Amino acid sequence: MVDRGDFPGESLLLPWCCTLCGQAGLPGLDLCAACHADLPWSRSACPGCAAPLPEGAGAWRCGACLNRPPVWDGAFSALHYAPPIDRLIQELKFHGRLSRGRLLGDLLTQALTAARHTPWPETLIPVPLHRARLKERGFNQSRELALRLSHRLGITLGDSWVERIQPTQPQIGLSAAARRRNLRDAFAVRGKPPAHVAILDDVLTTGSTVAALSTALRAADVTRIEVWTVARSAPDHPAGPAK
Ligand SMILES: [Zn+2]
Ligand SMILES: [Zn+2]
């Protein structure tokens, strides 16, 4: 029997079972081999913003990043924001299916490990929710993902370094400049975070939220900032309501 007791609430008795089709899961994963292979994996992407690039593009950055480098140093997304990943993320975020967070966290862990992504950051910083939103939702989906990666990769969970001090208005339909205004001073850094961090979030879309968080971390002397997300959504494919 596989030991699934690495988190409270994970049954010691249930075998791994595919979330998508109900067949037996791969060892240690709630997905079968066929569904796992069929996921919309990101196979070639810009190391700056994780946008898809043609296969064989190597380590080249996309034109957008060359024109205007992001505030952060590098971005990595395991998958494209496409079926069935979009549904799994929505089930986590809007329906509180925390088991989806564990599965999605495992997929991101696998992709980072397969990409031989090194050196690992010293801490994982989930994008924080404002306390009013946290109270309403009852959990922070980014923290659920970070918790899983922390456990799988042995990197400390750095969820106390930053706080969201301003509730932000929904970002949908706003111009890039309005999004940045909306998020200005949204985050406060507490104490002195390590020099190399990864920000964790579910989906990277326009990047305005992680840019605001990165700006706050830069001001606190963080020298290397990576952005890790389960999925990358093109800006014209919005990932749903802002947090
Ligand atoms: Zn399956
Ligand atoms: Zn790019």
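Under an unreviewed UniProt entry, the name given to the chain is ComF family protein, and the organism recorded is Candidatus Macondimonas diazotrophica. As stated in UniProt under Sequence similarities (unreviewed entry), the record for the chain gives "Belongs to the ComF/GntX family."

1. Describing the coordination of the zinc ion (ligand 1)
For a metal bound by four donors in a tetrahedral arrangement, the ideal donor-metal-donor angle is 109.5 degrees, while six donors in an octahedral arrangement ideally sit at 90 or 180 degrees. Within the first shell, the zinc ion (ligand 1) binds the protein through Cys-18 (SG), Cys-21 (SG), Cys-32 (SG) and Cys-35 (SG), at distances of 2.3 Å. For the zinc ion (ligand 1), the 4 donor atoms are set out with angles of 101 to 117 degrees between them, so the coordination reads as tetrahedral. Each donor residue of the zinc ion (ligand 1) belongs to the same chain, with the gaps between them written as C-x2-C-x10-C-x2-C. Highlighted residues: Cys-21 in the segment before α1 (33–38) and Cys-32 in the segment before α1, separated in sequence by 11 residues. Given the relative accessible area of 38%, Cys-21 is considered partly exposed.

2. Considerations on the pattern of salt bridges
Between side chains of opposite charge, a pair can form when the charged atoms approach closely. Counted under the stated rule, the structure contains 10 salt bridges. Between Asp-106 and Arg-148 there is a salt bridge, and its shortest N-O distance comes to 2.8 Å. Within this pair, whereas Asp-106 is found in helix α4 (residues 98–114), its partner Arg-148 is found in helix α6 (residues 141–153), the two being separated by 42 residues in sequence. Residue Asp-106 is classed as buried on the basis of its relative accessible area, which comes to 7%. Classification of Arg-148 as buried rests on a relative accessible area of 1%. Between Arg-224 and Glu-226 there is a salt bridge whose closest N-O contact spans 3.8 Å. A residue is classified by how much of its surface remains accessible, and Arg-224, at 36% relative accessible area, is partly exposed.

Thresholds applied
- Residue positions are given per chain, counting from 1 as you read along its sequence in written order.
- Whichever chain is written first is A, and whichever ligand is written first is 1; the rest continue in order.
- Per-residue local features are limited, in this predicted model, to residues with pLDDT of at least 70; the limit for side-chain atom pairs, both in listing and counting, is 80 or more; totals at the level of whole chains, interfaces and linings are taken over all residues.
- The basis for every side-chain value is the complete set of heavy atoms in the structure, and neither hydrogens nor water enter the calculation.
- UniProt positions are given in the numbering used here, feature names are shortened, and annotations may be inferred rather than shown by experiment.
- The donor set covers N, O and S atoms within 2.8 Å of the metal, switching to 3.2 Å for Na, K and Ca, and it leaves out water, so a site may look short of donors.
- Geometry assignment treats four donors as tetrahedral when all angles are between 85 and 135 degrees, treats four as square planar and six as octahedral when opposite donors are over 155 degrees apart and all others between 65 and 115, and treats everything else as irregular.
- Secondary structure elements are taken from DSSP: a helix is a run of H or I of four residues or more, a strand is a run of E of two residues or more, and numbering for both begins at the N terminus.
- We call a residue buried when its accessible area falls under 20% of the maximum for its residue type, exposed when it is over 50%, and partly exposed in between, using a 1.4 Å probe and counting protein chains only.
- The term salt bridge refers to a side-chain nitrogen of Lys or Arg lying within 4 Å of a carboxyl oxygen of Asp or Glu.

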